[in-house]
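# Understanding the architecture of this molecule
If you want the building blocks of each chain, they are given just below.
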Amino acid sequence: MVEAVLIDLFSVPTNLQNNIQVLLHNTLETIEKCSSIHAPCVYVMCCQKQGSERKGEQEFLLPALRGFQSLKRRLEVVYAQTTAAALYTIKQRLDEKDLSIIKVILPTLRKDLMKVYIDHLFTAVYQFEFEDLHVISDCENLQISEPQHEGQTLPSQDVALIRSEIQMYLESLPSLKGELTILRSSLIPDDIFLHGFTTRTGGISYIPTLSSCNLFSSSKRRDPQVVVKENLRRLANAAGFNPEAFHRVKIDHANAVCIMGKTEPDNYDGIVTNQKGVTLAAPGADCIPVLFADPVRKACGAAHSGWKGTLLGVSMATVNAMVSEYGCNVKDILVVLGPSVGPCCYKLPHESAKEFHRIDPKCVRLFDSASPYIDIRRATRILLERGGILPENIQDDSITDQNQNITFCTACHPDKFYSHFRDGTNFGTQIGFISIKD
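Throughout, residues of each chain are indexed from 1 in the direction in which the sequence is written. Note on the predicted model: pLDDT of at least 70 is required for a residue's local features to be given, and 80 or more for side-chain atom pairs to be given and counted; whole-chain, interface and lining totals, by contrast, use all residues. Side-chain figures throughout are based on the complete set of non-hydrogen atoms in the structure, without hydrogens or water.

### Things to note about the nonpolar core
The condition is simple: Nonpolar cores were defined as sets of buried Ala, Val, Leu, Ile, Met, Phe, Trp, Tyr and Cys residues, with membership established by side-chain atoms within 4.5 Å. We call a residue buried when its accessible area falls under 20% of the maximum for its residue type, exposed when it is over 50%, and partly exposed in between, using a 1.4 Å probe and counting protein chains only. Either an automatic procedure or a domain database provided the assignment from which the domain bounds are taken. The contact criterion used is simple: two residues touch if any of their non-hydrogen atoms lie within 4.5 Å.
Formed by 42 residues in total, the largest nonpolar core has its most connected members in Leu87, Val104 and Leu170. The residue makeup of this core includes at least three contributed by each of domain 1 (4–137 + 152–172) and domain 2 (182–436). When near neighbours in sequence (up to four residues on either side) are disregarded, Val104 contacts Leu6, Met114, Ile118, Phe128, Glu129, Phe130 and Glu131. In terms of nonpolar packing, the next biggest core, distinct from the first, is built from 37 residues, Val272, Ile288, Tyr346 and Cys363 among them.

### What to know about the pattern of salt bridges
Quick reminder of the rule: Between Lys or Arg on one side and Asp or Glu on the other, a salt bridge is scored when a side-chain nitrogen of the former is within 4 Å of a carboxyl oxygen of the latter. Labels follow the DSSP assignment, with helices taken as runs of H or I lasting at least four residues and strands as runs of E lasting at least two, numbered in each case from the N terminus.
Tallied over the full model, the rule gives 20 salt bridges. Here Arg222 makes a salt bridge to Asp98, at a shortest N to O gap of 3.1 Å. One end of the pair, Arg222, is in the loop between strand E7 (193–198) and helix H7 (225–239); the other, Asp98, is in the loop between helix H4 (83–96) and strand E4 (101–106), and 124 residues separate them in sequence. Lys250 serves as the salt-bridge partner of Glu264, at 3.3 Å between the closest nitrogen and oxygen. Taken together, the residues Glu264 in the loop between strand E9 (257–259) and strand E10 (270–273) and Lys250 in the loop between strand E8 (246–248) and E9 connect sequence positions 14 residues apart. Put simply, Lys91, Asp95, Asp98 and Arg222 are held in one network by salt bridges that share partners.

### Quick word on the domain arrangement of the protein
Often the size quoted for an interface is simply the accessible area lost on bringing the parts together. Note the threshold: Here the quantity called buried area is the accessible surface, traced with a 1.4 Å probe, that two parts lose on coming together, added over both.
Looking at the assigned domains, one finds that the protein contains domain 1 (4–137 + 152–172) and domain 2 (182–436). The distance between the C-alpha centroids of domain 1 and domain 2 comes to 41 Å. Across the boundary between the two partners, domain 1 contributes 18 residues, which contact 16 residues of domain 2. Between domain 1 and domain 2, roughly 1,300 Å² of surface is buried when both sides are summed, and carbon and sulfur atoms account for 54% of that area.

### Things to note about the sheet that holds strand E1 (residues 4–8)
For clarity, the cut-off: For two strands to pair, DSSP has to find at least two bridges joining them. Note on definitions: angles span 0 to 180 degrees between N-to-C directions of axes, and those axes are lines fitted to C-alpha atoms, for helices only across the stretch in contact.
One open sheet holds the five strands; their spatial order is E3-E2-E1-E4-E5, and the pairing between them is parallel. Strands at the two margins of the open sheet, each flanked by one partner only, are strand E3 (75–80) and strand E5 (127–132). On average, adjacent strands in this sheet sit at an angle of 20° to one another, irrespective of strand direction. Summarising the sheet, E1 and strand E2 (residues 41–47) pair through five bridges and their orientation is parallel.

### So, unusual backbone geometry
The omega angle of the peptide bond from Ser211 to Ser212 is 5°, so this bond is cis rather than trans. Non-glycine residue His253 carries a positive phi angle of around 55°. Tracing the chain through its elements places His253 in the loop between E8 and E9. Backbone geometry places Lys298, a non-glycine residue, at a positive phi of 55°. Here Lys298 lies in the loop between strand E12 (288–294) and strand E13 (299–305).

### Some thoughts on the side chain of Ser340
Note on placement: Ser340 falls in the loop between strand E14 (334–337) and helix H10 (350–359). Judged by its relative accessible area of 0%, Ser340 is buried. For Ser340, the contacting residues outside a window of four places in its chain are Asp286, Cys287, Ile288, Arg377, Thr407, Phe408, Cys409 and Thr410.

### Remarks on the packing of aromatic side chains
Put simply, the rule reads: Two rings from Phe, Tyr or Trp (for Trp, the six-membered ring) form a pair when their centres are within 6.5 Å of each other. A pair whose planes differ by under 30 degrees is stacked, one over 60 is edge-to-face, and the rest are tilted. Our definition puts a charge over a ring when NZ of Lys or CZ of Arg is within 6 Å of the ring centre and also within 35 degrees of the ring normal.
Under the defined criterion, the tally for this structure stands at eight aromatic pairs. On the numbers, 4.9 Å between centres and 85° between planes, the contact of Phe122 with Tyr126 is edge-to-face. As far as the burial class goes, Phe122 and Tyr126 line up, both buried. With 5.3 Å between their ring centres and 50° between their planes, Phe241 and Phe433 make a pair best called tilted. Taken together, the residues span a long stretch of sequence, with Phe241 in the loop between H7 and E8 and Phe433 in strand E18 (residues 430–436) at a distance of 192 residues. A network of ring pairs unites the aromatic residues Tyr88, Tyr169 and Tyr206 as a single cluster. Between the NZ or CZ atom of Lys115 and the centre of the ring of Phe130, over which it lies, the distance is 5.2 Å. The ring of Phe427 has Arg221 lying over it, and the distance from NZ or CZ to the ring centre is 3.9 Å.

### A look at the sheet that holds E14
In space, the six strands of this open sheet follow the order E9-E10-E13-E12-E14-E17, with mixed pairing throughout. Each edge of the open sheet is held by one strand with a lone partner, namely E9 and strand E17 (394–395). As judged from the seven bridges shared by E12 and E13, these two strands associate in the antiparallel manner. By the bridge assignment for E13, Ala293 is matched with Cys300. Contacting E9, E10, E12 and E13, helix H9 (residues 314–326) runs over the sheet at an angle of about 160° to E13.

### Some details on the pairing of E2
Every other side chain in a regular strand lies on the same face of the sheet, so the side chains alternate between the two faces. Within E2, seven of the seven residues are buried, which leaves the element mostly enclosed by the surrounding structure. Residues of E2 alternate between two faces, with Cys41, Tyr43, Met45 and Cys47 on one and Val42, Val44 and Cys46 on the opposite face, all of them buried. Where E2 and E3 come together, six bridges link them in parallel fashion. Opposite Cys46, over in E3, you have Tyr79 as the bridge partner.

Encoded structure:
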């Protein structure tokens, strides 16, 4: 069943105002008649001329809107100067109400255009179907059918213009939840490396569990790739790296490592380079973003270490890649563990906890319980030290001066960090990043 209806009047010429009123009235009448049991929200998308007053523009629609009392509380007219702005505003309304199944009623000539906007501004969480803007007589039109997936028919230059319009609009949005903040380690020399760990502030993601500097998009979440790209652009500007030379690990929760410049694996949780100006990144929303730096051989790396990757030794696999590829001495490599879920909050089933207990009993608290508390950071440090990393070259939450600590518990600090453990499936993601300065 359709949860929301979007009526696109954005590009209908003003000299057809009477026709617009008739079309809108008939469309609303059908929606009202056909949805008495399950009432969808209705959004009417209109163009606001630059310099015009919204009130004056709205007046010509009033005759068509009068009389629809049952829709009154669920009907909103959205005015904006661009399609991207109007559609993004409507997306915010949909997300506020957790709506995902949308019927779009629009002029036939706008359909291919609208599909490009939707592909960029929405994810696979949403389902869309399209209806031509005309008098609708069949009530079954308000039942959801299979989403239409037609081939791209717009010329490439038109698609490029839409992307540019979306990008310009997103760049114009204010930052949410405060200024963009980057945590840095005193262990990594800043005259050789550029690095940091992000927090959740200073981006444009507005969904509460993703707000605001979410840096990962997936088909299961409501933040589209274009929003994540804009958050990354703002981070790059603040940190001083090139977002076009940015490489994030492709998470597999295992121990494969990508060597920059060689054939890229399909999935990997570690990545290393000795190329200047190339930024490597590892995400984390409870899992540990781990950064590696060798100031002698001038090489660096990043790894994503969740509980599975920790047990599989992804951090030492990343170290070993630096040693074998760039001739690094393991005693020169510096390792910093970023914000991640702490032993104060993180639990695993007893069977999984046994593996951490074998590494060191101190990695597990309340071992005899059904779901013991696990310290994946301590396990990571122990495995690194066993692999030859000097204890003083590892920075984690055991640091003596807690004013220098950046390995905060993500679950304990909802104002600063995202947490899958705390926030559920629609969670945001922060990253650790590092590059060798030019």
